[in-house]
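So you can see what is in the structure, the chains are spelled out below.
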Amino acid sequence: MKKISSIPKVDKVLSLPAIRLLLETYPRPTVLTAVRNVLATLRGDSQDGRLATALDEEQLCGLIAGELEKIIAPTLHPVVNGSGVVIHTNLGRSLLAESACRQMLEVARRYSNLEMDMATGERGERYVHVEALLCELTGAEAALVVNNNAAAVLLCLSGIAAGKEVVVSRGELVEIGGSFRIPDVMRLSGGILKEVGTTNRTHLKDYQGAICPETALLLKVHTSNFSVVGFTAEVSVEQLVRCGREAGLPVMADIGSGSLLDLSKYGITGETPVQEYLKVGVDIITCSGDKMLGGPQAGIILGTKEIIARLRKNQLLRALRIDKLTLAALEATLRLYRDEREAVAEIPTLRMLTLQPAALKAKAQSLIRRLRPKLPASVRLTVVAGNSQVGGGSLPLLDLPTYLMAIEAAGWSPQKIDEAFRGLKTPVLGRINKGQYLLDLRTLQDADFPALVEAMGVLS
Ligand SMILES: *Cc1c(COP(=O)(O)O)cnc(C)c1O
């Protein structure tokens, strides 16, 4: 093959037989982009004197074909989550139940009764498709759903407290994932933040002392992703509700994760189910749809008829509204909660969170057995014990006992394995602990098997 001594012109590359073949299959502008990208990379390489000196035409065409493949592939694609973080915000949080996926497809492909009351033939509201179900499951009087929990908090603050004061403990002025910060959301909503107490201790008298004619709301925020330990004091939800009643003010709780089940019998303690907040009389609750609930990205608002009716009239609702695919997935997910056993078996987030160590160990052994015949000789797989995390800013201190697959390969450091796995077409994300590269069986899926086989292949 002819070696390339200098960067060729685009026209010359386009006339190479292998590239002419690509032009027969793919649109010209797309091939052109691939050629330009590769040449630009080579030019960059050559500046520091590293022009792949021995590059021949065949290799150049190979690079272009590879680049083309990258350009035409979707940039949003599946990833193998071997991190053990179940609700991994950067990997899309919750996986949807099969019935939720089916329902979403059904509504995507066909027209639906999204906003039409078929009994009267008149315009209806999209929210009816989940409101009754949410009320049935939680005991709430009324419900509303929006784009996400950040939107839910914004809508509530705007609807209840615009131009008025909202009392919040200094220990609860949280930041979630860098872009949701209580003081900032408050400012956006038009509410006026009235901080009370200190970072580590807030007392009932602090709230009582802050209430004035300008007060519209008492707000409690779940400190989802951190914990203050040591000399601490907080006012319980019950106390805050009593305080609100005495002052004639509504009490709101942003509970973050929003668990509909008591999962303590599976070893998942520390998350108060939504129903408990309503039982003690909280007037308005907001939570996420895609954290512990295990549904699609959504913000769920539960509360009194009067407050929900007010929120429905708020202009912001139109901008924050939930789309029909999400609504379909949310409805199907919520339906599963009518039977707790079904919910735990069918909702991937709950299924993964409640997996017990013995089952995880068996999964690890079975995976290794299936991978073994396909392994390069240099690769060694072993089962090790460790811990998984709930993630999604939920229960940051809770360790879930798990089993992991440790991967060792001759000549490969854990860091090198990690880098190679992340570069695959279906990237594999694991974690490194004490010099070992690990994949947690809790978050691996059956569908990940082919990608894992491919990953092992690069370690030869
Ligand atoms: C996660 C979380 C949010 C943000 O929820 P999104 O659904 O991601 O918008 C808000 N408040 C609390 C307490 C949270 O834990």
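Remember, predicted model here, so these are calculated numbers, not experimental data.

What follows covers the site of the ligand. Lining the immediate surroundings of the ligand are Arg93, Asn148, Asn149, Ala150, Ile176, Phe180, His222, Ser224, Asp254, Gly256, Ser288 and Lys291. Taking asparagine 149, its main chain carries an N or O atom lying 3.0 Å from an oxygen atom of the ligand. The separation between an oxygen atom of the ligand and a polar main-chain atom of alanine 150 is 2.9 Å. Alone, the ligand offers 380 Å² of accessible surface; in the complex the protein occludes 95% of this. Counting residues per element, the ones that place at least two in the shell around the ligand are helix H7 (149-161) and strand E11 (251-256). Of the residues belonging to the shell around the ligand, the class tally is three nonpolar, six polar and three charged.

One way to put it is that helix H6 (residues 128-138) packs onto helix H14 (residues 324-336) with a least axis distance of 10 Å and a crossing angle of 25 degrees. Taken together, the axes of H6 and H14 lie roughly parallel to each other. The two elements H6 and H14 cross, and the hand of that crossing is left-handed. Seen from H6, the contacting residues are His129, Val130, Leu133, Leu134 and Leu137; seen from H14, they are Leu327, Leu330, Glu331, Leu334 and Arg335. Of the residues that constitute the contact of H6 with H14, the class distribution is seven nonpolar, one polar and two charged.

Once that is clear, we can look at the pattern of salt bridges. With the rule as written, the count across this model stands at 22 salt bridges. The salt bridge involving arginine 312 is made with glutamate 125; its shortest N-O contact spans 2.2 Å. With arginine 312 in helix H12 (residues 305-312) and glutamate 125 in the loop between strand E4 (122-123) and H6, the pair connects residues that are 187 residues apart, well separated along the chain. With relative accessibility at 24%, the residue arginine 312 sits in the partly exposed group. By relative accessible area, which is 33% here, glutamate 125 ends up partly exposed. Where glutamate 306 meets arginine 310, a salt bridge forms, and the shortest distance between an N and an O atom there is 3.4 Å. Remark: arginine 310 and glutamate 306 occur in helix H12; sequence separation between them is four residues, near one turn of the helix.

As a further point, take the packing of H7 against helix H8 (residues 182-189). For any two helices packed against each other, the geometry is given by the interaxial angle and the distance between the axes. Direction vectors running N to C along H7 and H8 enclose 50 degrees, while the axes themselves pass 8 Å from each other. Between H7 and H8, the crossing angle belongs to the class labelled oblique. In this structure, the crossing between H7 and H8 has a hand that is right-handed. Only Val185, Met186, Leu188 and Ser189 of H8 make contact with H7, whose side of the interface consists of Val153, Leu154, Leu157 and Ser158. For the contact of H7 with H8, the per-class residue count stands at six nonpolar, two polar and no charged.

Attention now goes to the packing of aromatic side chains. Scanning all chains against the criterion turns up one aromatic pair. Considering the side-chain rings of phenylalanine 421 and tyrosine 437, the 5.3 Å spacing of their centres and the 85 degrees angle between planes classify their relative orientation as edge-to-face. Here phenylalanine 421, found in helix H18 (residues 414-422), pairs with tyrosine 437, found in strand E18 (residues 436-440); they are 16 residues apart in sequence, far enough to count as distant. Classification of phenylalanine 421 as buried rests on a relative accessible area of 0%. Above the plane of the ring of phenylalanine 449 lies arginine 370, whose end atom (NZ or CZ) is 3.9 Å from the centre. We note lysine 416 situated over the ring of tryptophan 412; from NZ or CZ to the ring centre the distance is 4.6 Å.

A few words now on the sheet that holds strand E15 (residues 400-409). In space, the five strands of this open sheet follow the order E2-E14-E15-E18-E17, with mixed pairing throughout. Of all strands in the sheet, those bounded by a partner on one side alone are strand E2 (85-87) and strand E17 (431-433). On average, each strand axis in the sheet is inclined to that of its neighbour by 45 degrees, with strand direction left out of account. Two elements, E15 and E18, share four bridges in a ladder whose sense is antiparallel. Residue pairing across strands places leucine 404 opposite aspartate 440, the latter belonging to E18. Against the sheet, helix H17 (residues 357-371) touches strand E14 (379-391) and E15, its axis set at about 20 degrees to E15.

Split by domain assignment, the protein resolves into domain 1 (3-72), domain 2 (80-89 + 353-457) and domain 3 (96-346). Between the C-alpha centres of domain 1 and domain 3 the distance comes to 53 Å.

Turning next to unusual backbone geometry. Of note, arginine 93 is a non-glycine position whose phi angle comes to about 55 degrees, a positive value. Among the structural elements, arginine 93 can be located in the loop between E2 and helix H5 (98-109). Not every positive phi belongs to a glycine, and lysine 434 is a case in point at roughly 45 degrees. Inspection of the secondary structure assignment puts lysine 434 in the loop between E17 and E18.

Let's shift gears to the side chain of threonine 215. As for its position among the elements, threonine 215 is in strand E10 (residues 215-221). The exposure class of threonine 215 is buried, given its relative accessible area of 5%. From its side chain, threonine 215 meets the backbone nitrogen of cysteine 212 in a polar contact 2.8 Å long.

Definitions and cut-offs
- Residues numbered from 1 in each chain as written.
- Predicted model: local features only at pLDDT ≥ 70, side-chain atom pairs only at ≥ 80, totals over all residues.
- Heavy atoms only, no water.
- Near = heavy atom within 4 Å.
- Polar contact = N/O pair within 3.5 Å; in protein donor to acceptor, adjacent residues only side chain to side chain.
- Areas by Shrake-Rupley, 256 points an atom, 1.4 Å probe, with all protein chains shown as cover.
- Helix = DSSP H or I, 4+ residues; strand = E, 2+ residues; numbered from the N terminus.
- Nonpolar A, V, L, I, M, F, W, Y, C, P; charged D, E, K, R; others polar.
- Axes fitted to C-alpha atoms, helices over the stretch in contact; angles between N-to-C directions.
- Parallel < 35°, antiparallel > 145°, perpendicular 65-115°, else oblique.
- Left-handed = near helix turned anticlockwise from the far one by under 90°.
- Contact = heavy atoms within 4.5 Å.
- Salt bridge = Lys/Arg side-chain N within 4 Å of Asp/Glu carboxyl O.
- Buried < 20%, exposed > 50% of the residue type's maximum accessible area, 1.4 Å probe, protein only.
- Phe/Tyr/Trp six-rings, centres within 6.5 Å; stacked < 30°, edge-to-face > 60°.
- Lys NZ or Arg CZ within 6 Å of the ring centre and 35° of its normal.
- Pairing = 2+ DSSP bridges.
- Domains from an automatic or database assignment.

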